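Topology and contacts: notes
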Amino acid sequence: MSEIITPTTPSAAPKIGFVSLGCPKALTDSELILTQLRAEGYETSKTFAGADLVIVNTCGFIDDAVKESLDTIGEALAENGKVIVTGCLGAKAGASSSDAGSLVREMHPSVLAVTGPHATQEVMDAVHTHVPKPHDPFVDLVPESRGIAGIKLTPRHYAYLKISEGCNHRCSFCIIPSMRGDLVSRPIGDVLNEARALFESGVKELLVISQDTSAYGVDVKYRTGFWDGKPIKTRMFDLVAALGEMAKPFGAWVRLHYVYPYPHVDEVLPLMAQGLILPYLDVPLQHAHPDVLKRMKRPANGEKNMERLAKWREICPEIIVRSTFIAGFPGETEEEFQYLLDFMQEARIDRAGCFAYSPVEGAGANELPGALPEAVRKERQARFMKVAEAASIAKLQERVGATMQVLIDKAPAMGRKGGVGRTYADAPEIDGTVRILPPEKASKTLKVGEFAKVRIVAVEGHDLIGMVI
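Residues numbered from 1 in each chain as written. Predicted model: local features only at pLDDT ≥ 70, side-chain atom pairs only at ≥ 80, totals over all residues. Heavy atoms only, no water.

1. Some thoughts on the packing of helix α10 (residues 305-315) against helix α11 (residues 334-347)
Running from N to C, α10 and α11 cross one another at 10°; their axes reach a closest spacing of 11 Å. As judged from the angle between their axes, α10 and α11 are roughly parallel. Where α10 abuts α11, its residues Asn305, Met306, Leu309 and Arg313 lie against Phe343, Glu346 and Ala347. A breakdown of the residues in the contact of α10 with α11 according to their chemical character gives four nonpolar, one polar and two charged. (Axes fitted to C-alpha atoms, helices over the stretch in contact; angles between N-to-C directions. Helix = DSSP H or I, 4+ residues; strand = E, 2+ residues; numbered from the N terminus. Parallel < 35°, antiparallel > 145°, perpendicular 65-115°, else oblique. Contact = heavy atoms within 4.5 Å. Nonpolar A, V, L, I, M, F, W, Y, C, P; charged D, E, K, R; others polar.)

In structure tokens, the structure reads:
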């Protein structure tokens, strides 16, 4: 059975089951809905059967995600019967209609309501229709709420901060703009207020996310907003600088995700070199060959990525670059793929993931000539990962002997049995970890959500092994 999200509350009230599928951006949508549910006095149920109604926040990006979402909806209907569907799959049209949401209704016609992503009010309206609210909302009284930041589904020591919704690009392999719409930047004052609430609640790592973090403010022409009575531009650099300064007194990390390599990204590198934000960039390059990038309709596809990487490393030698790539894109020749492998060997990307190209219904890439057999796509994915892993492990070996700051994620018996944490080079869930050995002295303890100095003693696959000092 799918995992149900179940914050607890002491009051008796109607119970809502909730399942969140997909990426961190979908998770933040779930957090908004759960915050509103709790504000209005609803409880959450540990099971589908024990709920008055179930909400499924879906993913619709690739075929496997669509199947998982549809299966989860079916499971909820079978066990409960009253289901509201939201999220990216809720924005997809079906075979018999061009209306948003018709795909879900074709497969599961008995669902109560279907909405797209980032639709908290629509979801709440549907909930009110079928399970009337217990009382009027007052967010500050929500159990487990982090002030104006609301409920978070991550551990207490890290949280995602979504700065915008949607995307202006039309990459040929992607259907996200059709589901989440064009770029809409959040007011910078709202973003900074949420960030402050998170730091004040004990967050030690803030992960900045969006569909295109580098484009923050483009839609509002970088207009000047206000925060704490002071003017501040709605722009990536200004936001990141403010977050870094805000994090200082809390000793917290600020990590950037989904950063397209536009020229102005270079401006944040000095902030990393100064220690204001983590020297870590999640840059979705997707490929290296210019012809493939053109077929992908990638933004910034004219950038000379090797030169950019060299420049970033010159400004901030400690920088970690994470990226994702696609192998077997339609029309990709063996020569173009080898160009990508050569790039990977020279670029020495610290953390790289690779997807075998998967045709997504509604994506423009489906119309491109030269579709490759699945066996070829998967074989190229495997070859890519072999090269990427060799580069990553070689870089990890360079850490042996170093003393590093580690954020503790797990600490059984207060660390007397060892623990698990992450360095600045590792984002939660997607990168590696540091396995901390049991301390030699009983006085050495660890606490989840706090930092420890760890000497790296070995490499274990994609992870490091260390001793607390």
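2. Re the pattern of salt bridges
Applying the stated criterion across every chain, the model contains 26 salt bridges. The salt bridge partner of arginine 422 is aspartate 409, with a shortest N-O separation of 2.7 Å. With a gap of 13 residues between them, arginine 422 in strand β17 (residues 419-422) and aspartate 409 in strand β16 (residues 403-410) connect regions that are remote in the sequence. Its salt-bridge partner being arginine 435, residue glutamate 460 comes within 3.1 Å of it at the nearest N-O pair. You can see glutamate 460 sitting in strand β19 (residues 451-460) and its partner arginine 435 sitting in strand β18 (residues 434-436), a full 25 residues away along the chain. Look at arginine 435 and you get partly exposed, because its relative accessible area is 34%. Here the salt bridges share partners, and the residues they tie into one network are Glu332, Glu334, Glu379, Arg380 and Arg383. (Salt bridge = Lys/Arg side-chain N within 4 Å of Asp/Glu carboxyl O. Buried < 20%, exposed > 50% of the residue type's maximum accessible area, 1.4 Å probe, protein only.)

3. Some thoughts on α10
What α10 keeps buried is the set Asn305, Arg308, Leu309 and Trp312. Along α10, the residues classed as buried sweep out an arc of 100° about the axis, all on the same side. More than 90 degrees from the buried face of α10, the exposed residues found are Glu307 and Glu314. Buried residues along α10 sit against α8 (269-273), β13 (280-282), β14 (320-327) and α11. (Arc of directions from axis to C-beta.)

4. Side note on the packing of aromatic side chains
According to the stated counting rule, one finds seven aromatic pairs in the structure shown. Ring centres of phenylalanine 329 and tyrosine 357 lie 5.3 Å apart, and the angle between their planes is 80°; this geometry places the pair in the edge-to-face category. Here tyrosine 357 lies in the loop between β15 (351-356) and α12 (374-397) and phenylalanine 329 lies in the loop between β14 and α11, a separation of 28 residues in the sequence. Through pairs of rings, three or more aromatic residues link up here, namely Phe173, Phe329 and Tyr357. If you follow lysine 25 out to its NZ or CZ, it ends over the ring of tyrosine 258, 3.5 Å from the centre. We note arginine 255 situated over the ring of tyrosine 280; from NZ or CZ to the ring centre the distance is 4.4 Å. (Phe/Tyr/Trp six-rings, centres within 6.5 Å; stacked < 30°, edge-to-face > 60°. Lys NZ or Arg CZ within 6 Å of the ring centre and 35° of its normal.)

5. With respect to the sheet that holds strand β5 (residues 113-114)
Taking strand neighbours across the sheet as the criterion, the five strands line up as β2-β1-β3-β4-β5 in an open arrangement whose pairing is parallel. Both outer strands of the open sheet, β2 (43-44) and β5, are each paired with one neighbouring strand and no more. Alignment of strand β1 (residues 15-20) against strand β3 (residues 53-58), held across five bridges, turns out to be parallel. Considered in β3, the bridge of phenylalanine 18 is made with isoleucine 55. Docked against the sheet, helix α1 (residues 24-39) engages β1, β2, β3 and β4 (83-87), running at close to 170° with respect to β1. (Pairing = 2+ DSSP bridges.)

6. Details of the pairing of β17
Looking at chain direction, β16 and β17 are connected through three bridges and run antiparallel. Note that in β17 the partner of lysine 410 across the bridge is valine 420. Bridge count for β17 against β18 is three bridges, and the pairing is antiparallel. Residue pairing for β18: valine 420 is matched across the bridge by arginine 435.

7. Observations regarding the pairing of β19
Relative to β19, β16 is paired through five bridges, and the arrangement is antiparallel. If you follow methionine 404 over to β19, its bridge partner there is valine 454. Judged from the six bridges that link them, β19 and strand β20 (residues 463-468) form a sheet pairing that is antiparallel. Residue pairing across strands places valine 459 opposite leucine 464, the latter belonging to β20. Between β19 and β20, which pair antiparallel in sequence order, lie two residues; one of them, glycine 461, sits at a positive phi of approximately 65°.

Shape descriptors only; they carry no functional weight alone.
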